[in-house]
There are 2 protein chains.
Amino acid sequence: MSQAKRIVLASRPVGEPKPSDFRLEEHAIPTPGAGEVLLRTIWLSLDPYMRGRMSDGPSYAQPVPVGGVMEAGTVCEVVASNNPGFKPGDIVLARAGWQTHAISDGKGLAKVDPSLAPISTAVGVLGMPGMTAYTGLLDIGQPKAGETVVVAAASGAVGSAVGQIARIKGARAIGIAGGKDKCDYVKSEFGFDDCLDHRDPDLAAKLKEACPKGIDVYFENVGGAVFEAVFPLFNNFARMPVCGRIAHYNDTQAVAPKWAGSLMQHVLTKRLTIRGFIVSDFADRRDAFLKDMSAWVRDGKVKYKEFVTDGLENAPTAFMGLLKGANFGKQLVRVGPDKA
Amino acid sequence: MSQAKRIVLASRPVGEPKPSDFRLEEHAIPTPGAGEVLLRTIWLSLDPYMRGRMSDGPSYAQPVPVGGVMEAGTVCEVVASNNPGFKPGDIVLARAGWQTHAISDGKGLAKVDPSLAPISTAVGVLGMPGMTAYTGLLDIGQPKAGETVVVAAASGAVGSAVGQIARIKGARAIGIAGGKDKCDYVKSEFGFDDCLDHRDPDLAAKLKEACPKGIDVYFENVGGAVFEAVFPLFNNFARMPVCGRIAHYNDTQAVAPKWAGSLMQHVLTKRLTIRGFIVSDFADRRDAFLKDMSAWVRDGKVKYKEFVTDGLENAPTAFMGLLKGANFGKQLVRVGPDKA
């Protein structure tokens, strides 16, 4: 590969992103300056939050500028280094974005030890999605033994970890996923107590059946019909960490959900806690997360499933699919080989 | 007084309570049995939560049955006792309800020391309303020095304490109250940094002006237009303890507020915390509350204002007024003299 490739935001999507909102560009592989390293991307992580970065509405993060490289967490190899902290061959966790090569001054890079786990897990179960599940569930959700925890996108990177950690804490884990194959997998491989299909027109009734003692923790990552099914089932003192609303990311206008008029009344009478978070709010929990989660993964208590798309040029299609649940497991793009 | 009087719930109100929803009954003063005491009510506390007890919708508490005595916290004198824990002349905090006399087995009674503070404060600043302010603000709101705290019903029992405690913690306190007289009082006597009239058609704009650095804590006790004005001003990581929604207590149907469609998006992107509570959820904070609050009251750091209606027979009118903000300070009913 003598040329570098990158995918930039060609235009801000209105509603669902379309192929023309992305543009593949080729350019010369850049050369690192003083103190800099040249990174070659191996794994690119695609995550729902990226839809937010494509829009310029108010958010916790700056949007990607039109013409700018799409943002992403990546696992990269250092291929050239003018920085004493890194040497060629080092594997690092980076935010190199949707591109084959990137220059970094070393800030924000974290070395990944390939002997501990497959390096792709650094953007998965041992990375941002895993830590989102860990902190949101444990720090906000605080499930107790015997309680019922519900999470959607249960075959995905975050949801699968949420349910498995809930089970480790002695809670019942009820997943919601798209289609029978995913639901079966969530039960048989991730060990959830039950998993329901969000496409089921009777979702609300099925969820009520699956949660005979009500819901104590709802880990909110989707919104939409799932939340509407969950809402009436909240127990007193239920907790709802909110880390995403994928069902709404393509909304072109804010639509009031059917529970809108009674939400605050339930908050009051049931003493609910609703709290939004992003994983970086819990940066001081990183060591605890890595210690616990790597032990759980090693012991087989937390399993993970990866869904790999080959080639940077296919990232836009994979991302558009992710927003529709076309992935089955953590969505990754294989940008380059492990060893160049 | 040879007869006892009580006010019972004659019918469940639809919307705003009306006089015929209450009924004054006279009956013989009851005689305490073995282990029981006879209480004579001196002070009756009227509080917005009582509107909820008049309805049989789902709530954290059982409704008052039709024909049953309206519930209330009271300050009573023990006038006869067959219980070794109490002697005639003792002043106690009780839940004797809207009546001149009541029988108690002693459970749930707490002695009040008249030498420490006026006994009426046991149902006010040193009682349930004060502790609601203390726990909701400090345990959920957690104001930090320099932050902005907003509370409505700011001349009332809970709101006035919220703002004054916020100031003790170094936060700015912005009150909202009904009318110029109350707003002036909230500023001059309770020391709030500012107080706005909720009847002002420009409330949203005025609130924005009064909170140039946004809102970090909104102590929710009213809902309605006040919350709609507050909502767009939330800062990242803002906290909203929810202990009441007086603007909605007479609603006959749930109406979606104008922010309904974007609430969860703000929760997520601003990392908001919304948490409902009632004071009994924080029972283990009672000692800390009494220690702090009695010191603050003694030192003049927390002031309080009482609004007294004379005579049990006037309790329904006073309560209906309370729901419309006709009271100016903590609403009490003087049911009997301090000494019989």
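Residues numbered from 1 in each chain as written. Chains lettered and ligands numbered in written order. Predicted model: local features only at pLDDT ≥ 70, side-chain atom pairs only at ≥ 80, totals over all residues. Heavy atoms only, no water.

### Details of the relation of the copies chain A and chain B
To be explicit about the condition: To line up the copies, we fit them by least squares on C-alpha atoms, keeping just the residues with pLDDT of at least 70 in both. In what follows, residue pairs with any heavy atoms lying within 4.5 Å of each other are defined as contacts.
When chain A is fitted to chain B, the best match, at an RMSD of 0.0 Å, comes from turning it 180° and sliding it 0.0 Å along the axis. Both copies of the chain, as the preceding transformation shows, are related through a two-fold rotation axis. Same-surface contact between copies: 100% of interface residues of chain A are shared with the interface of chain B.

### What to know about the nonpolar core
Short version of the rule: Nonpolar cores were defined as sets of buried Ala, Val, Leu, Ile, Met, Phe, Trp, Tyr and Cys residues, with membership established by side-chain atoms within 4.5 Å. Partly exposed describes any residue whose relative accessible area lies between the buried limit of under 20% and the exposed limit of over 50%, with all areas from a 1.4 Å probe on protein chains only and scaled to the type maximum. Under the DSSP-based scheme used, a helix requires at least four consecutive residues in state H or I and a strand at least two consecutive residues in state E, with every element numbered from the N terminus.
If you look at the biggest cluster of nonpolar residues, it comprises 105 residues, and the most contacted ones within it are W98(A), L207(A), W98(B) and L207(B). Top contributing element to this core by residue count: helix α9 (residues 315-323) of chain A, with six residues. Listed in part, the 36 residues of the second largest apolar core include A133(A), Y134(A), A161(A) and A173(A).

### Things to note about helix α3 (residues 157-168) of chain A
Residues and elements named next belong to chain A. Stated formally: Helix span, as expected, comes to 1.5 Å for every residue beyond the first.
Over its twelve residues, α3 extends 17 Å from the first C-alpha to the last, a length consistent with the 16 Å expected when each residue adds 1.5 Å. Taking burial as the measure, the twelve residues of α3 include ten buried ones, the bulk of the element. Buried residues of α3: A157, V158, G159, S160, A161, V162, G163, Q164, I165 and A166, and no others. Against the buried residues of α3 lie α2 (128-141), β8 (148-152), β9 (172-177), β11 (215-219), α8 (286-298) and β15 (330-334). Phi turns positive, to about 85°, at G170, one or two residues after α3.

### With respect to the UniProt feature "domain: Enoyl reductase (ER)" (unreviewed entry) in chain A
How we decide: UniProt positions are given in the numbering used here, feature names are shortened, and annotations may be inferred rather than shown by experiment.
Within this numbering scheme, the UniProt entry marks residues 15-333 of chain A as carrying the feature "domain: Enoyl reductase (ER)" (unreviewed entry). The annotated region residues 15-333 of chain A carries 26% helix and 24% strand content, and the separation between its end C-alpha atoms amounts to 24 Å.

### Observations concerning the packing of aromatic side chains
The line we're drawing: Aromatic contacts are taken between Phe, Tyr and Trp rings whose centres are within 6.5 Å, Trp giving its six-membered ring; a plane angle under 30 degrees counts as stacked, one over 60 as edge-to-face, and the others as tilted.
All chains considered together, the criterion is met by 30 aromatic pairs over all chains. Pairing Y218(A) with F227(A) gives two aromatic rings, centres 6.0 Å apart and planes at 10°, and the pair type is stacked. With respect to burial, Y218(A) and F227(A) carry one shared label: buried. Centroid distance F227(B) to W259(B): 4.7 Å. Interplanar angle 75°. Geometry classified as edge-to-face. Of the two residues, F227(B) sits in helix α6 (residues 224-230) while W259(B) sits in the loop between β12 (234-242) and α7 (263-269), which places them 32 residues apart along the sequence. Of the residues examined, W259(B) reaches a relative accessible area of 6% and is grouped as buried. Put simply, the rings of Y218(A), F227(A), F231(A), F234(A) and W259(A) pair up and form one aromatic cluster.

### A look at the pairing of strand β3 (residues 37-45) of chain A
All names here are of chain A. So the rule is basically this: Note: two strands are recorded as paired if DSSP finds a minimum of 2 bridges between them.
Burial runs high along β3: nine of the nine residues are buried. As paired strands, β3 and strand β4 (residues 74-81) are joined by seven bridges and run antiparallel to one another. Bridge pairing in β4 links L39 to V78. In this sheet, β15 lies alongside β3 in antiparallel orientation, the contact comprising three bridges. What sits directly across from L44, in β15, is V333.

### Things to note about the interface of chain A and chain B
Cut-off, in case you're wondering: Throughout, buried area stands for the accessible area (probe radius 1.4 Å) lost by two parts on being put together, summed over both. Whenever a carboxyl oxygen of Asp or Glu lies within 4 Å of a side-chain nitrogen of Lys or Arg, that contact is scored as a salt bridge.
Residue-level contacts link 34 residues of chain A with 34 residues of chain B. Each partner contributes to the roughly 2,600 Å² buried at the junction of chain A and chain B, and carbon and sulfur atoms together form 67% of this total. When the buried surface of chain A facing chain B is broken down by residue, M264(A), L268(A) and R271(A) rank first, second and third, together holding 25% of it. Our count for the chain A to chain B interface comes out at two salt bridges.

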